Amino acid sequence: MANFLAQFQTIKNACDHLIIAVEDVSDLWPVVKNGFEERLPFKGASLNNKTRNPVFVEKLPAEFILTTDSRLRSRFPQEQLLFWFREPYATVVLVTCEDLDEFKTILKPRLKLIVQNDEREWFIVFISRANPNNDQATKLAKKVYAKLEVDFSSKKRERCCKLDLHGPEANFWEDLESKIVESIRNTLDRRAQFYEDEIRKLSEQRFMPIWNFCNFFILKESLAFMFEMAHLQEDSLREYDELELCYLETVNMTGKQRDFGGVDHGDDQAALLKPGNKPLSQIVQDDSFREFEFRQYLFACQSKLLFKLNRPFEVASRGYSFIISFSKALALHEHMLPFSMREVWVITACLALINTTVSHYNGLVAPDVEKEFYRVQGDLYSLSRIKFMRLAYLIGYGTDIERSPVNSAALSMLPWPKPAVWPSVPPDASSEVLAKEKASLALCQITMNNHKQNVDHVNLIWSDIISKTQTILQANPRVKHFSIQRKPLPLEPSVLLREANRRRASLSAGNMLEMFDIRPSFTDGSSLDASLKMSPSNKVHVSSMSRTNSSPVNFDSSIDRPMRLSEIHVAAEHALQLTITDPDLWKFLSSVQEFEQKYLELTKGAADNYHRSWWKRHGVVLDGEIAAVCYRHGNFDLAAKSYEKVCALYSGEGWQDLLADVLPNLAECQKILDDQAGYLSSCVRLLSLDKGLFLTKERQAFQTEVVRLAHSEMKHPVPLDVSSLITFSGNPGPPLELCDGDPGTLSVTVWSGFPDDITLESLSLTLIATYSADEGVKAIRSFTATILKSGRNTITLAIPPQKPGSYVLGVLTGQIGHLRFRSHSFSKGGPADTDDFMSYEKPTRPILKVFKPRPLVDLAAAISSALLMNEPQWVGLIVTPINYSLKGAVLHIDTGPGLKIEDSHVFEMESYTNVLQSTAHTENSDDARKGGSAITEEYKQLTLEDGKIELPDWASNITSVLWFPVRAIDNRLSRGTSSGLNIAFNLCCSSETETVAVHFTDPFHVSTRVTDKCNDGTLLLQVILHSQVKATLTIYDAWLDLQAGFVHIEEGDGRPTSSFFPLVISPASRAGILFGIRLGTATAGDEAEALHPDSVLNIRYGISGDRTIGAHTPVAAESTGYVDDKKDLIFRSAVVLQRPVLDPFLAVGFLPLPSGGLRVGQLVSMRWRVERLKDFEENAVSHNDEVLYEVNANPENWMIAGRKRGHVSFSTKQGSRIVISIICVPLVAGYVRPPQFGLPNVDEANISCNPAGPHLVCVLPPTLSSSFCIPA
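An unreviewed UniProt entry annotates the protein as Trafficking protein particle complex subunit 10 of Tetracentron sinense. Per UniProt, the protein carries the Subcellular location (unreviewed entry) text "Golgi apparatus".

This is the structure:
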């Protein structure tokens, strides 16, 4: 069966559609041919797939061929069975007959002979040529067709249809199409079943020695091709997939060594999209096919079907996986393939797959499929780019490849080519080797110049030179901006020099002694320890590095000397020139310029496709590679734009190591472009990176640039965001608490990422209210210069009064030189030993809480007892903070009228605890304080300035007492009653005002009574003194200045006996003093009355008390510190003395009330009788015979119905009487005071009350009342 491969492929190429045989019995085909072929292709055909499920085929191509055609002539039975897929799928028999006898004798036997083959699907088309006008002919035609249907049709299947040439029926063509499609469907099912049975038989033998894959392949592909011709591409694709799996399963069976292939000319160009690249007969090997060509052939067939299904995405996706797997197969047979065959094939396969799939892609797919398509395209570009760089590195273009992390990661993991023997240098390539070595020596000189200042480390210098010579100095370190030096990243998995010579057939693996006259420990050229251990006699000198690299080692003549690196590159270039047959690919490797052009093309293709896919980050990374090329060629504008995208990606992902490699390049581009704002931002971002990524001097260089630009005149100054460099947070602990309208001081922790100290000309911090966004932000500013040290700093800011609410930190802004900066990053308080702990999470803990107005401090009097009137007294004020610190609080004292603060005396403030102790130990505390021997921290003397007292810091959180001297001034004489005054102190502490009541009073309450009244007019007047203060009063002297009309007995001075004094009166005690007086001659006129209107009691006394209890020694006397210096105090009180009245003029009597009693709401008449007792005209109490009366009553208890005040006629004769009646209404029940009657114009001494009115009267409640509802 395998001998038919060539014929099989020829048939495949010549046959691409189904064949319908036409058996022209009556030579009618030329007549109906055009009508039949116009129906092709069949539209809307319904076929069965491999699983016998109906499949709708939109257009089914076919071809009508006469059975007499040479293409349908009979074949050998085996050939006909093998290529059954090309046999007709339906047979159309064309007949006509106009005579019934002719039909029976001639036509019918012939038709029986034609249709006796059961393997063919057939049906008969009867063509009537009868003229419609000829009824007889028409009738005969109908009879013949009827007889034809009876003989060849059945109930199960209609096999006949009629075509009238002169009057075609309307549904003939539809009937014809349905019969043809039905025949095709049946034939397709039968043949598919046949192929499946045969394939199943061969599949069961695939692990047996007699297995022949070629036979299996012909059957399997015949079935697949049959499905393809029937436009059942899904089934055809499934067959090719199964064929590939079966091949991969059997191709590497043990015991069978097969040729892999790939050594023919042009095999380096991938043919994975070219099914006819090589004939199948050419790649057959024994009972199978060569893997290299056959696997590409299978994928090409699959791709063709996928393109027909309009699925280019699947072609690309399958193609990428195929390239990866096929590349592994190439690696297994690399020793038999041309040099770098694997890399070249991968490049051509990727590019061919990219171009073909893009040309077939129309974009009419789902969005997720579209993104996946571009992602696969990016992978193909990226894979070809990596392989292309490997080829360029092999031929010496390594210095033109950017040693970026992405290139290093890709190339350092990509193995070197592994030929059986590394290619040798052609004999005529000495000039090329010389050119390579000159380039190497030039780069060596550059390296020496970079290291010539470091003479002490010459060994290390030569070690580096040797290492770089081994790689043509492709790792030539370029000093970046800010003098940043980094070790170049590798672009090779191992040293190429060692790998190439190791694969030389005549050298041992890893033997580097042939290259340099050095010790074995210095073979890799990068060992610092080895270079330092070398003796001076063994040091390598420049003169010893000849161009021929001669070695003192004596090699055997049969062993070639090792190749130098320049020779390796030249040898690889010549070997690649033999391997690569694609002129375009070799053109791109012919020069550095062409290489860079193709490199940019592949990189841009990968980046653009990644940008349009899900993997946008891959595209940004490749933009960085494009930027490196632009940067190297001086196109700094495009380089900066690409670098910005790369830096944004690395920063967002937190890849600081990668960002540290790219960001200096961006900064250098921005500096060259004079982009001061961008350059400044890049410097800040460099400072924000991890400290371990740069040296201290490099970070200091970053800061120097920031400070230089900040203090220079920038063309377009913009606010700089330093959120990643300067962060801030509130200090640990509870938030600062203030009240509405109160200022305060806020302490904030600021972390600085600058390596050195930096000066901030100004600093501002915003506070954001958490409860409402409408409040906006409140800024607190510090206009003084602030120096931030590296690490943690604590700064304090003055807070103006804020509205009530909770506030968190907002944005930190400030100014460095002329530059405005801002930071919106928040820091968490780290451990105590970490000054640079920073986090960028916004804190939820408030930094400031401002409460609504509430009492912040409680102000109360230290004592509740009375102080001494008209003497300077210590007033104690208890100051108690209410959950609020009084640090920096100021106390304002407003004494109000009648009080005077002795501001010339110092004020005293002490802890309330000390006051309590001093109360228990009064004497000890007084002695200690007066002696001044121990003044604790909780005691301080203060002075009053402009009515303000600043509280000490120790009193901010504890209860304290403020003592200040106050004099209550009252120049009036005491009238024998308590003369205490409630004085209000308006004390303002933190905008809070409170009134404190302090009671001042006289030391004595004076009352008098006449204890004895002698007949001769002598009176014994007793003066009772009641102490009104909580202090001990000592009376040293007392005398009485009498008013006119009274004199002392025996013409004395009014002093009691001196032996009575001193008289000590304890607190709340009483004492009495007797004075003897008598009635004297009254002085005529008002002069005497004005001279002595009242009698005055004079008392000279002293006081002994404690200020923590009540009244005490006046402050002026207390301040001297000596008891003898104390001056006695004088107390004066007016004593009213009245001469006795013996003969009254009028008598007023209250008449009895009604016997029924008083009730609320009832009218009652109150009556008073007025009687003149004697006639004394010169002392008449009324004029015009009238007297004025007045009735006073409490309006809450009584309602007066008559006139409360008026004049009544009253005779001046003795014995005259009048009765005055007033109607009143009681308002409340109970015992109430009745209305009072009075005569305003008559002195009370001239009125006698007889009988006197009652003090209280009983008023009954109103009588109960009830009402009844009587129905009508």
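Now that the structure has been shown, we can carry on.
Undergrad: Talk me through the overall build of the protein; I want residue IDs and the actual numbers.
TA: Counting its regular elements, the protein contains 30 helices and 51 strands. A buried classification covers 47% of the 1272 residues belonging to the protein. A total of about 63,100 Å² of accessible surface is found on the protein, and carbon and sulfur atoms cover 51% of it.

Undergrad: Describe the sheet that holds strand β43 (residues 1164–1172), and please don't skip the residues or the numbers.
TA: Spatially, five strands are ordered β45-β47-β43-β41-β50 in an open sheet, and the strand pairing comes out mixed. Both outer strands of the open sheet, β45 (1198–1200) and β50 (1247–1249), are each paired with one neighbouring strand and no more. Across this sheet, the average inter-strand angle for adjacent strands is 30°, counted without regard to direction. In this structure, strand β41 (residues 1146–1150) lies alongside β43, joined through five bridges in antiparallel fashion. Paired with V1148 across the bridge in β43 is V1170.

Undergrad: Please provide a residue-by-residue account of the environment of I1109, values included.
TA: Here I1109 shows up in the loop between β39 (1095–1104) and α30 (1115–1118). With relative accessibility at 36%, the residue I1109 sits in the partly exposed group. Distance from I1109 to A862, taken between C-alpha atoms, is 8.5 Å for residues 247 residues apart in sequence. Non-local contacts of I1109, meaning those with residues more than four positions away in its chain, are made with I863, S865 and K1030.

Undergrad: Report on empty space enclosed by the protein, specifying residues and quantitative values.
TA: A complete count under the given rule lists three cavities of 30 Å³ or more for this structure. Estimates place the volume of the second largest cavity at around 120 Å³. Along the walls of the second largest cavity sit 13 residues, with A271, N277, K278, E293 and Q296 positioned nearest its centre. Ranked by the residues each element gives to the lining of the second largest cavity, the list is headed by helix α10 (residues 291–308), at four residues. Its residues assigned to classes, the lining of the second largest cavity shows six nonpolar, three polar and four charged.

Undergrad: Give a description of the sheet that holds β39 that names residues and reports values.
TA: Within a beta sheet, neighbouring strands are joined by backbone hydrogen bonds and run either parallel or antiparallel to one another. Sheet architecture is open: four strands sit in the order β37-β35-β39-β40, paired in antiparallel fashion. Because the sheet does not close on itself, it has two edges, and the strands there are β37 (1063–1065) and β40 (1129–1135). If you compare each strand with its neighbour and ignore which way they point, the axes differ by 35° on average.

Undergrad: Quick rundown of helix α13 (residues 367–394)? Include the residues and the values.
TA: End to end, α13 covers 41 Å across 28 residues, agreeing with the expected 40 Å (1.5 Å per residue, within 8%). Here α13 lies mainly inside the structure; 22 of its 28 residues are buried.

Undergrad: Just give me the short version of the side chain of N793, but keep the residues and values in it.
TA: In this fold, N793 is placed in strand β18 (residues 791–799). N793 gets classed as buried once you look at its relative accessible area, which sits at 8%. Of note is the side chain of N793, whose polar atom sits 3.2 Å from the backbone oxygen of G791. Excluding residues within four positions of it along the chain, N793 makes contact with V748, T749, V750, S752, I787 and L788.

Undergrad: So, a negative patch on the surface: which residues are in play, and what are the values?
TA: A contiguous patch of negative charge on the surface is contributed by E98, D99, D101 and E102. Topologically, D99 is positioned in the loop between β5 (90–95) and α4 (100–114). Under the relative-accessibility criterion, D99 is labelled partly exposed at 35%.

Undergrad: Tell me about the pairing of strand β21 (residues 848–851), and name the residues and values.
TA: Of the two faces of β21, only one is covered, namely that formed by L848 and V850; the face formed by K849 and F851 stays uncovered. Bridging between strand β19 (residues 805–816) and β21 involves three bridges; their strand directions are antiparallel. Across the sheet, the residue bridging to S806 is K849, located in β21.

Reading guide: rules and limits
- Residues numbered from 1 in each chain as written.
- Predicted model: local features only at pLDDT ≥ 70, side-chain atom pairs only at ≥ 80, totals over all residues.
- Heavy atoms only, no water.
- UniProt positions renumbered as here; feature names shortened; annotations may be inferred.
- Helix = DSSP H or I, 4+ residues; strand = E, 2+ residues; numbered from the N terminus.
- Buried < 20%, exposed > 50% of the residue type's maximum accessible area, 1.4 Å probe, protein only.
- Areas by Shrake-Rupley, 256 points an atom, 1.4 Å probe, with all protein chains shown as cover.
- Pairing = 2+ DSSP bridges.
- Axes fitted to C-alpha atoms, helices over the stretch in contact; angles between N-to-C directions.
- Contact = heavy atoms within 4.5 Å.
- 1 Å grid on protein atoms, 1.4 Å probe; cavity = no way out; pocket = protein on both sides within 12 Å on 5 of 7 lines; lining within 4 Å.
- Points joined across faces, edges and corners; volume = space filled by probe spheres on them.
- Nonpolar A, V, L, I, M, F, W, Y, C, P; charged D, E, K, R; others polar.
- Expected span 1.5 Å × (residues − 1).
- Polar contact = N/O pair within 3.5 Å; in protein donor to acceptor, adjacent residues only side chain to side chain.
- Patch = residues over 30% accessible without salt bridge, like charges linked within 9 Å, V, L, I, M, F, W, Y side chains within 5 Å.
- Salt bridge = Lys/Arg side-chain N within 4 Å of Asp/Glu carboxyl O.
- Lys, Arg positive; Asp, Glu negative; His and termini not counted.
- Charge placed at Lys NZ, Arg CZ, Asp CG, Glu CD.

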